[in-house]
Amino acid sequence: MEQDAKEEHAKEERNTKDSRGSGRATPAAEVVKQDEERTACHQGQLQRAAERLSSPEFYLKYHNAIREHVGSPALKWDREIEKHARNFVNAHSVDCLAKKPSISSGIGWNIARSWGNYTFVGGEALVQWALQHENYDHVTNSCVGGECHAFTQLVWKQSTRLGCARVTCHNHSGTLVRCNYEPPGNIPGQRPY
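All figures in this text were calculated on a predicted structure; none of them were measured in a lab.

(A) Structural context of helix 4 (residues 79-91). Between its terminal C-alpha atoms helix 4 stretches 18 Å, which fits the 18 Å expected from 13 residues at 1.5 Å a residue. Among all positions in helix 4, only Ile 81, Glu 82, Ala 85, Phe 88 and Val 89 are buried. Buried residues of helix 4, seen end-on, are gathered within an arc of 120 degrees and therefore sit on one face of the element. Structural note: helix 4 exposes Arg 79, Glu 80 and Ala 91 on the side pointing more than 90 degrees away from its buried face. On its buried face, helix 4 is in contact with strand 1 (76-77), strand 2 (108-115), strand 5 (161-168) and strand 6 (174-182). The opening residue of helix 4, the one whose side-chain oxygen lies 2.9 Å from the backbone nitrogen of Glu 80, is Asp 78.

(B) Broad picture of the nonpolar core. Ranked by size, the top nonpolar core spans 20 residues in total, and within it Tyr 59, Trp 129, Leu 162, Val 177, Cys 179 and Tyr 181 carry the most contacts. Of all the secondary structure elements, the ones that give two or more residues to this core are helix 3 (56-70), helix 5 (122-130), helix 6 (149-155), strand 5 and strand 6. Considering every element that reaches this core, the biggest residue donor is helix 6, with 4 residues. Once you skip the residues sitting within four places of it in the chain, Cys 179 turns out to touch Tyr 59, His 63, Gly 108, Trp 109, Asn 110, Trp 129, Leu 162, Gly 163 and Cys 164. Residues Phe 88, Ala 165, Cys 169 and Leu 176 belong to the second largest nonpolar core, which totals 9 residues.

(C) Highlighting the state of the cysteines. Enumeration according to the criterion identifies 3 disulfides in this entry. Cys 143 shares a disulfide with Cys 148; S-S distance 2.0 Å. What sets the handedness of the Cys 143 and Cys 148 disulfide is the S-S torsion sign, and at about -80 degrees it is left-handed. The exposure class of Cys 143 is partly exposed, given its relative accessible area of 28%. If you count the bonded cysteines of the protein chain from the N-terminus, they pair up as 1-5, 2-3, 4-6.

(D) Spotlight on the pairing of strand 5. With 6 of 8 residues buried, strand 5 is to be regarded as a mostly interior element. Relative to strand 5, strand 1 runs parallel, the two sharing 2 bridges. From the neighbouring strand, Lys 76 faces strand 5, where its bridge partner is Arg 161. As defined by bridge partners, strand 5 adjoins strand 6 across 8 bridges and the pair is classed as antiparallel. The residue bridging Arg 166 from the neighbouring strand is Val 177, located in strand 6.

(E) Quick peek at helix 5. Among all positions of helix 5, only Gly 122, Gly 123, Ala 125, Leu 126, Trp 129 and Ala 130 are buried. The buried residues of helix 5 occupy an angular sector of 155 degrees when projected down its axis, which confines them to one face. On its buried face, helix 5 sits against helix 3, strand 2, helix 6, strand 5 and strand 6.

(F) Structural view of the pattern of salt bridges. As enumerated under the stated definition, the model contains 2 salt bridges in all. When the shortest N-O distance is used, the salt bridge between Asp 78 and Arg 161 registers 3.2 Å. Within this pair, whereas Asp 78 is found in the loop between strand 1 and helix 4, its partner Arg 161 is found in strand 5, the two being separated by 83 residues in sequence. On the basis of relative accessibility, which here comes to 18%, the residue Asp 78 falls in the buried class. Note that Glu 182 is salt-bridged to Arg 161, the shortest N-O span being 2.5 Å. Within this pair, whereas Glu 182 is found in strand 6, its partner Arg 161 is found in strand 5, the two being separated by 21 residues in sequence. On the basis of relative accessibility, which here comes to 30%, the residue Arg 161 falls in the partly exposed class. Each member of the salt-bridge network shares a partner with another, and the members are Asp 78, Arg 161 and Glu 182.

(G) Main features of the side chain of Ser 93. Position of Ser 93 relative to the elements: it lies in the loop between helix 4 and strand 2. Judged by relative accessible area, which is 7%, Ser 93 ranks as buried. For Ser 93, the contacting residues outside a window of four places in its chain are Val 167, Thr 168, Cys 169 and His 170.

Scoring rules and cut-offs
- Residues numbered from 1 in each chain as written.
- Predicted model: local features only at pLDDT ≥ 70, side-chain atom pairs only at ≥ 80, totals over all residues.
- Heavy atoms only, no water.
- Helix = DSSP H or I, 4+ residues; strand = E, 2+ residues; numbered from the N terminus.
- Expected span 1.5 Å × (residues − 1).
- Buried < 20%, exposed > 50% of the residue type's maximum accessible area, 1.4 Å probe, protein only.
- Arc of directions from axis to C-beta.
- Contact = heavy atoms within 4.5 Å.
- Polar contact = N/O pair within 3.5 Å; in protein donor to acceptor, adjacent residues only side chain to side chain.
- Core = buried A, V, L, I, M, F, W, Y, C linked by side-chain atoms within 4.5 Å.
- Disulfide = S-S within 2.5 Å.
- Pairing = 2+ DSSP bridges.
- Salt bridge = Lys/Arg side-chain N within 4 Å of Asp/Glu carboxyl O.

Written out as structure tokens, the structure reads:
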């Protein structure tokens, strides 16, 4: 046994000398390199998945499925509204929307933000907004027990056009998702559907 330990130590010593002298990597260095390559591949796969789950087709499909559930007509994608949403998230990518945004006149919008370094996608934003239905009382046309205005904008029957954008904030401090709607919803005294 002692002989086996000495041979193993000598082998490790040769590998270390080989890696310093000949440019060859030690087994440990090879493992680290392989892990880095796998991580980069995994991050690339996550990024591609995030892009698919934040695509115009995805936003439209799931907005319209939620709207259909309450009887609101389907939305159509509008590149100008998307551009407006993109300009907004890009303008706030440095601070990751640390302050509440001022009201945008003439356009309806929903915003979702995640903090931290993970892949937050448009689908997660839609789920956050849709879950607010639990706080909407259709009889009184009001929010009860929590926020519901993102849900009511999402399903607002007079809104016909949609444009959304997503950005990873600087230093990967978070992610912003914004969807814009025209005509805007949440008009006082009117019902969303």
